[in-house]
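One-letter residues, chain by chain:
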Amino acid sequence: EVQLLESGGGLVQPGGSLRLSCAASGFTFSSNPMGWVRQAPGKGLQWVSSIVQSGDRTYYADSVKGRFSISRDNSKNTLYLQMNSLRAEDTALYYCAKSFRGVIINFDSWGQGALVTVSS
Amino acid sequence: QSALTQPASVSGSPGQSITISCTGTSSDVGGSKFVSWYQQHAGKAPKLMISDVSNRPSGVSNRFSGSKSDNTASLTISGLQAEDEADYYCSSNTSSGTLIFGGGTKLTVL
């Protein structure tokens, strides 16, 4: 059974930084592209970032480009999202997700999410 | 890039069929083979229901079907059941190398 467990969420002040982690199990992590999708409270889904299997190609939504960085450690079966220069509008539940058909196409397995709150 | 356009809400009675639309542009839905649909129950993570416009991943009920015409994709749920009550989101990859979601549609089973 595929399991994705996010951690690292919390309350941070505007301009601050946070790093999310996603521990994966139940599938061959190194063979799958991965991504992050967020959902602001009461709002819809928003794709944030994706990364290919090897980690050498990454993709970002315009709203986070230059501030967020996605990475992975295939030896630890772990996905990361480094978030810098955080803004109030980054407040959301951040889902780690396993790609299904390709790196920026869709996701067939999701974690339960890590809540990030940006507020002073 | 703006979200794909979905109706805010749809409703139907048990046993009926409903259709949810998802409108984009030639740079996303219209030009993509990879429109997807997700179901999200309250407080839960999304679940992939349709991939590649009309393909159901393993385990998804055949009551769910997808189609596309020009810049508009559609999700049809037939034989509506109480458990189908949820939020539904479409998504598409884009010509600029990103992924875009629809604003979401709340399905109410009357």
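Computed from a predicted structure; not experimentally measured.

Conventions adopted
- Residues numbered from 1 in each chain as written.
- Chains lettered and ligands numbered in written order.
- Predicted model: local features only at pLDDT ≥ 70, side-chain atom pairs only at ≥ 80, totals over all residues.
- Heavy atoms only, no water.
- Helix = DSSP H or I, 4+ residues; strand = E, 2+ residues; numbered from the N terminus.
- Contact = heavy atoms within 4.5 Å.
- Areas by Shrake-Rupley, 256 points an atom, 1.4 Å probe, with all protein chains shown as cover.
- Lys, Arg positive; Asp, Glu negative; His and termini not counted.
- Charge placed at Lys NZ, Arg CZ, Asp CG, Glu CD.
- Buried < 20%, exposed > 50% of the residue type's maximum accessible area, 1.4 Å probe, protein only.
- Buried area = accessible area lost by both parts, 1.4 Å probe.
- Salt bridge = Lys/Arg side-chain N within 4 Å of Asp/Glu carboxyl O.
- Polar contact = N/O pair within 3.5 Å; in protein donor to acceptor, adjacent residues only side chain to side chain.
- 1 Å grid on protein atoms, 1.4 Å probe; cavity = no way out; pocket = protein on both sides within 12 Å on 5 of 7 lines; lining within 4 Å.
- Points joined across faces, edges and corners; volume = space filled by probe spheres on them.
- Nonpolar A, V, L, I, M, F, W, Y, C, P; charged D, E, K, R; others polar.
- Pairing = 2+ DSSP bridges.
- Axes fitted to C-alpha atoms, helices over the stretch in contact; angles between N-to-C directions.

Further remarks concern the overall build of chain A. When you go through chain A residue by residue, the secondary structure sums to 0 helices and 11 strands. Scanning chain A from its N terminus toward the C terminus, one meets helices and strands in the order β-β-β-β-β-β-β-β-β-β-β. Each of the three principal axes of chain A carries a C-alpha extent, and together these read 40 × 25 × 25 Å. Nonlocal contacts in chain A, meaning residues at least 24 apart in sequence, comprise 54% of its contacts between residues at least 6 apart. In the structure as shown, chain A presents an accessible area of about 5300 Å², 45% of it carried by carbon and sulfur atoms. Charged side chains of chain A number 11 positive and 8 negative; the gap between the two group centres comes to 3 Å.

All names here are of chain B. The backbone of Asp-52 sits at a positive phi, close to 55°, despite the residue not being glycine. For Asp-52, the location among the structural elements is in the loop between strand S4 (47-50) and strand S5 (64-69). Judged by its relative accessible area of 15%, Asp-52 is buried. Positive phi is not limited to glycine here, since Asp-70 has a value of about 50°. With respect to the helices and strands, the residue Asp-70 is situated in the loop between S5 and strand S6 (72-77).

All right, on to the interface of chain B and chain A then. As a measure of interface size, the accessible area lost when the parts come together is often cited. Counting residues at the interface gives 19 residues for chain B and 20 residues for chain A. Taken together, both faces of the contact between chain B and chain A bury some 1600 Å²; the carbon and sulfur share is 61%. Contact with chain A buries area across many residues of chain B, yet Pro-46, Leu-99 and Phe-101 of chain B alone supply 31% of it, more than any other trio. Run the count over chain B and chain A and you get 1 salt bridge. For the pair chain B and chain A, the interface holds 7 residue pairs in polar contact (both at pLDDT 80 or more). Secondary-structure elements contributing two or more residues to the side of chain B that touches chain A are strand S3 (36-40), strand S7 (86-93) and strand S8 (99-101) of chain B.

This part covers the layout of surface pockets. In this structure, the second largest pocket spans a volume of roughly 240 Å³. Every residue lining the second largest pocket is counted, 20 residues in all, and those nearest its centre are Gln-39 and Lys-43 of chain A together with Gln-40, Asp-87 and Tyr-89 of chain B. Secondary structure elements with two or more residues in the lining of the second largest pocket: strand S9 (92-99) of chain A together with S7 and strand S9 (105-109) of chain B. Residues belonging to the lining of the second largest pocket are distributed by class as follows: 7 nonpolar, 9 polar and 4 charged.

Side-chain direction in a regular strand flips from residue to residue, so the side chains alternate between the two faces of the sheet. All names here are of chain A. Of all 6 residues that make up strand S8 (residues 78-83), 5 are buried, and the element is covered over most of its length. Note: strand S3 (residues 18-25) against S8, 6 bridges, orientation antiparallel. Along S8, the bridge assignment pairs Leu-20 with Leu-81. Where strand S7 (residues 68-73) lies against S8, 6 bridges are found, and the strand directions are antiparallel. Following the sheet pairing, Arg-72 is matched in S8 by Leu-79. Connecting S7 to the next strand, S8, in antiparallel fashion are 4 residues, including Asn-77 with a positive phi near 50°.

Residue and element names in this part refer to chain A. Strand order in this open sheet of 4 strands is S1-S3-S8-S7, and the pairing throughout is antiparallel. Every interior strand has two partners, whereas the edge strands, strand S1 (3-7) and S7, have only one. Direction aside, neighbouring strands of the sheet carry axes that sit 15° apart on average.

Turning next to the pattern of salt bridges. Residue and element names in this part refer to chain A. Within this structure, the stated rule accounts for 6 salt bridges over all chains. With a shortest N-O distance of 3.3 Å, Asp-62 and Lys-65 are connected by a salt bridge. Lys-98 serves as the salt-bridge partner of Asp-108, at 3.1 Å between the closest nitrogen and oxygen. With Asp-108 in strand S10 (residues 107-110) and Lys-98 in strand S9, this pair connects stretches of sequence that are 10 residues apart.

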